[in-house]
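# A structural walkthrough
Below are the chains, spelled out letter by letter.
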Amino acid sequence: MSAPASNWTCPSCGCYNPAEFKDCPCGARPQQAPAPSPSARRRRLPTWIAALPALIAPAFYMIHAFTGMQRVSHAISGSNTTPTSNPPSGCVETYGITLSNSHEYVRSFSEFPIAPRNPSAPRELATILHGNVINHCGDPFRRVHLNITVRDEKGMRGKATVQISDLKPGISQQFERVWIGQVTTWEITPDQ
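Residue indices begin from 1 for each chain and proceed along its sequence in written order. Local features are withheld for residues below a pLDDT of 70 in this predicted model, meaning they are given only at 70 or higher, and side-chain atom pairs are given and counted only at 80 or more; totals for whole chains, interfaces and linings count all residues. The side-chain quantities take in all heavy atoms of the structure and omit both hydrogens and water.

## Quick notes on the nonpolar core
Under the convention used in this document: Within this scheme, the nonpolar core is defined by two criteria: the residues are buried Ala, Val, Leu, Ile, Met, Phe, Trp, Tyr or Cys, and they are joined through side-chain atoms within 4.5 Å. For every residue, the accessible area (1.4 Å probe, protein chains only) is compared with the maximum for its type, and the residue is labelled buried under 20%, exposed over 50%, or partly exposed between those bounds. Only DSSP runs of H or I with at least four residues qualify as helices, and only runs of E with at least two residues qualify as strands; both kinds are numbered from the N terminus onward.
Counting residues in each nonpolar core, the largest one holds 18 residues, and the members touching the most others are Leu 146, Ile 148, Ile 164 and Phe 175. Element by element, the count of residues in this core is highest for strand E5 (residues 141-152), at 5 residues.

## Considerations on the sheet that holds strand E8 (residues 183-190)
This is how it is decided: Here the rule is simple: two strands pair whenever DSSP picks up at least two bridges between them. Whenever a helix is involved, its axis is fitted only over the stretch in contact; in every case the axis is a line through C-alpha atoms, and angles between N-to-C directions fall within 0 to 180 degrees.
As summarised here, the arrangement of the 3 strands in space is E6-E5-E8, forming an open sheet in which the pairing is antiparallel. If you trace the sheet from one side to the other, it starts and ends with strand E6 (157-167) and E8, each paired once. Within this sheet the neighbouring strands show an average axis-to-axis angle of 25°, counted without direction. Direction of pairing for E5 relative to E6: antiparallel, over a ladder of 10 bridges. Looking across to E6, one finds that His 145 is bridged to Gln 163.

## Some words on the state of the cysteines
Rules: Any two cysteine sulfur atoms within 2.5 Å of one another count as a disulfide.
Evaluated as defined, the whole model comprises 1 disulfide. Here Cys 91 pairs with Cys 137 through a disulfide, and the sulfurs are 1.4 Å apart. Judged by the sign of its S-S torsion, about -70°, the bond between Cys 91 and Cys 137 is left-handed. Residue Cys 91 is located in the loop between helix H3 (52-77) and strand E3 (92-105), and its partner Cys 137 is located in the loop between strand E4 (124-135) and E5; the two are separated by 46 residues in the primary sequence.

## A few points about the environment of Gly 90
As for its placement among the helices and strands, Gly 90 is situated in the loop between H3 and E3. According to the relative accessible area criterion, Gly 90 is exposed, its value standing at 63%.

## Points about a nonpolar patch on the surface
Put simply, the rule is: Excluding any residue in a salt bridge, patches collect residues exceeding 30% relative accessible area, merging like charges within 9 Å and nonpolar Val, Leu, Ile, Met, Phe, Trp and Tyr side chains within 5 Å. Only the protein chains shown count as covering a residue, and every accessible area follows the Shrake-Rupley method with a 1.4 Å probe. The term salt bridge refers to a pairing of a side-chain nitrogen on Lys or Arg with a carboxyl oxygen on Asp or Glu at a separation within 4 Å.
Among the surface-exposed residues, Leu 45, Trp 48, Ile 49, Leu 52, Leu 55 and Ile 56 lie close enough to one another that they form a single nonpolar patch of about 640 Å² accessible area. For the nonpolar patch, the secondary structure elements donating two or more residues are helix H2 (47-50) and H3. Broken down by element, the residue count for the nonpolar patch peaks at 3 residues, all from H3. Mapped onto the elements of the fold, Ile 49 is located in helix H2. The partly exposed category is assigned to Ile 49, whose relative accessible area is 32%.

Now the structure itself:
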């Protein structure tokens, strides 16, 4: 044992002794600080690290509950971004309707012509109706059907349907339809 570096007080009799004395006149020795145990010699972790599991677990459960409530509220309110099939009244508007006549129209009887057009095929007068359609609602639509009714110069009536796919909110799409003959009036209504 090493001697204390300063004067010391005897724990038994309370006598004040100089640092050079190893023993007190009463026979007691100075108390030495106990040697640290091996576990005390290790560096101790801060106490806030012990609190981390207690903070992480509730944070995980709060986030999980929040996302679950968000899914439920979307299901209840119906505010999803999946396209709906039928637009509500007043959501779809057509504008910029123009009629163009063509004296060079040649009928095609297949949707995907395989062979080139026959140059000797008869040419007919056709009216091409061009227009735009826009979605004013907040929801996208998978399909919008535009019912078009036209009359030609002879009073004959024609009906057609144009399908617009994936009409997103605020986005305009073009459409067109061709009729044989001279169209004079038209009416377009979206499918409800």
